[in-house]
Amino acid sequence: MGWELLLLAALGGALIGLLLTLFGGGGSVLATPWLIYVVGVADIHAAIGTSAAAVAVNAATGLAAQARAGRVKWPCAITFGIAGLAGSLAGAQLARQVDGQALLGWFALAMIAIAVSMLLPKRDAGDPSVRLTPPMVLKLAPVGLIAGLAAGFFGIGGGFLIAPGLMASTGMTLANASASSLLSVTLFGGATSLSYAASGQLIWPLFGALVAGGGVGTLAALPLARRLEGRAQLARSIFAVMVIAVALFILLDG
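**Student:** How do you make sense of the overall build of the chain when you look at a structure like this?
**Tutor:** Broken down by element type, the chain carries 10 helices and 0 strands. Tracing the chain from N to C terminus, the helices and strands come up as α-α-α-α-α-α-α-α-α-α. For the chain, whose C-alpha radius of gyration is 17 Å, the value lies close to the compact-globule estimate of 18 Å for 254 residues. Once the C-alpha set of the chain is aligned to its principal axes, its extents read approximately 50 × 40 × 30 Å.

Right under this line is the structure:
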């Protein structure tokens, strides 16, 4: 593999790291299209598996930072993540049986759903001191299973489903849900990528380049995030429109 392709992958990782830091969930959905259309990965399943691995690493890094800040509601996050782990493995197994081009079309539809969720106004009302209870477990488990299934099938982090699912099931705040969702994103992405890796459908050099670029993009985004604080929703909307445009391109190209 030439250095040019690794450089392109690193540039994509930097862009995704930048977007993830600025806008949170949704940024990683561009990883697979970048590998296919910019880097030139012909195997769609390999592109999905490789991007899922990079998403898992990025999420784990974010989880560590959020844990230090005390925002992760661990009992709720663990319950949701364990339930979704089985779903993500099943989703990845199912996706590997689907024709690559058809899977890419489904992926584009998922991109549109993610973008629409980003355009919706976010409420932050909730209980910052929420604690896990038995009735909550009965709500968290099925929602986690569905989110994991979607994450595994599409090879995405699934944060756009996880954070709202945590809020609806537990009543926690948006800040706690966004932080707690990173545990599930890490687990789902890791399980999905391992499933693809077991079939030889994970391109390790590109994975390394994505992760390295993601670290640079995250650092570059920190000063930008402060400047965008007053215009966060406008910037988020512009990004969502960009995701929809990429999804439409994928659908028309297919």
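**Student:** What is the right way to look at the environment of proline 33 in this model?
**Tutor:** Looking at where proline 33 falls in the secondary structure, it is placed in helix H2 (residues 31–39). The sequence separation of proline 33 and valine 246 amounts to 213 residues, and the corresponding C-alpha distance is 8.0 Å. With residues near it in sequence (within four places) discarded, proline 33 still touches Val38, Phe107, Met111, Val246 and Ile250.

**Student:** Where do I start with the packing of aromatic side chains in this structure?
**Tutor:** What characterises a pair of aromatic rings is the spacing of the ring centres plus the angle enclosed by the ring planes. Per the stated rule, a full pass over the model turns up 3 aromatic pairs. Their ring planes at 70° and their centres at 5.2 Å tell us that tyrosine 37 and phenylalanine 249 sit as a pair that is edge-to-face. Taken together, the positions of tyrosine 37 in helix H2 and phenylalanine 249 in helix H10 (residues 232–253) put the pair 212 residues apart, joining distant regions of the chain. The class of tyrosine 37 is partly exposed, set by a relative accessible area of 31%.

**Student:** Looking at this structure, how should I read the nonpolar core?
**Tutor:** Generally speaking, nonpolar side chains in soluble globular proteins are found buried as a group. Within the largest apolar cluster, 42 residues are counted, with the highest numbers of intra-cluster contacts made by Val29, Leu30, Leu35, Met111, Phe154, Ile156 and Val243. When contributions to this core are tallied by element, the ones reaching two or more residues are helix H1 (3–23), H2, helix H3 (44–68), helix H4 (74–96), helix H5 (100–119), helix H6 (134–154), helix H9 (204–227) and H10. Top element by residues in this core is H5. It accounts for 9 residues. Leaving out residues up to four positions away in the same chain, valine 29 has contacts with Phe107, Met111, Ile114, Ile156 and Val243. Among the nonpolar cores identified, the runner-up in size contains 23 residues, and Phe80, Leu140, Ile162 and Ala163 belong to it.

**Student:** Would you mind showing me how to read a nonpolar patch on the surface here?
**Tutor:** A contiguous nonpolar patch, built from Trp106, Leu109, Leu248 and Leu251 and spanning about 380 Å² of accessible area, is present on the exposed surface. Within the residue set of the nonpolar patch, elements represented by two or more residues are H5 and H10. Judged by relative accessible area, which is 42%, leucine 248 ranks as partly exposed.

**Student:** I'm lost on the environment of leucine 187 in this one. Help?
**Tutor:** Position of leucine 187 among the secondary structure elements: in helix H8 (residues 174–198). Residues leucine 187 and threonine 173, 14 residues apart in the sequence, show an inter-C-alpha distance of 22 Å.

**Student:** What am I meant to see in the packing of H2 against H5 here?
**Tutor:** Two numbers describe how H2 lies on H5: the axes approach to 11 Å, and their chain directions differ by 135°. Judged by the angle between their axes, H2 and H5 are oblique. Handedness of the H2/H5 crossing: left-handed. The segment H2 lies against H5, with Thr32, Pro33, Ile36 and Tyr37 engaging Leu104, Phe107 and Met111. By residue class, the composition of the contact of H2 with H5 is 6 nonpolar, 1 polar and no charged.

**Student:** Help me out: how do you make sense of H5 in this one?
**Tutor:** Spacing of three or four residues puts side chains on the same side of an α-helix, whose turn is 3.6 residues. Compared with the 28 Å implied by 1.5 Å per residue over 20 residues, the 29 Å span of H5 between its first and last C-alpha is a close match. The backbone nitrogen of glutamine 101 has a side-chain oxygen 3.1 Å away, supplied by the residue at the start of H5, namely aspartate 99.

**Student:** Got a minute to help me understand the side chain of threonine 186 in this structure?
**Tutor:** Structurally, the position occupied by threonine 186 is in helix H8. Its relative accessible area of 18% is what places threonine 186 among the buried residues. Contact partners of threonine 186, with chain neighbours within four places excluded, come to Ala56, Ala59 and Ala60.

**Student:** What is the right way to look at the environment of aspartate 99 in this model?
**Tutor:** Relative to the helices and strands, aspartate 99 is located in the loop between H4 and H5. Along the chain, aspartate 99 and isoleucine 250 lie 151 residues apart, while their C-alpha atoms are 15 Å from each other.

Rules of the game
- Residues numbered from 1 in each chain as written.
- Predicted model: local features only at pLDDT ≥ 70, side-chain atom pairs only at ≥ 80, totals over all residues.
- Heavy atoms only, no water.
- Helix = DSSP H or I, 4+ residues; strand = E, 2+ residues; numbered from the N terminus.
- Rg over C-alpha atoms; globule rule 2.2 N^0.38 Å.
- Contact = heavy atoms within 4.5 Å.
- Phe/Tyr/Trp six-rings, centres within 6.5 Å; stacked < 30°, edge-to-face > 60°.
- Buried < 20%, exposed > 50% of the residue type's maximum accessible area, 1.4 Å probe, protein only.
- Core = buried A, V, L, I, M, F, W, Y, C linked by side-chain atoms within 4.5 Å.
- Patch = residues over 30% accessible without salt bridge, like charges linked within 9 Å, V, L, I, M, F, W, Y side chains within 5 Å.
- Areas by Shrake-Rupley, 256 points an atom, 1.4 Å probe, with all protein chains shown as cover.
- Salt bridge = Lys/Arg side-chain N within 4 Å of Asp/Glu carboxyl O.
- Axes fitted to C-alpha atoms, helices over the stretch in contact; angles between N-to-C directions.
- Parallel < 35°, antiparallel > 145°, perpendicular 65-115°, else oblique.
- Left-handed = near helix turned anticlockwise from the far one by under 90°.
- Nonpolar A, V, L, I, M, F, W, Y, C, P; charged D, E, K, R; others polar.
- Expected span 1.5 Å × (residues − 1).
- Polar contact = N/O pair within 3.5 Å; in protein donor to acceptor, adjacent residues only side chain to side chain.

Everything listed here is a matter of geometry and, on its own, says nothing about what the molecule does.
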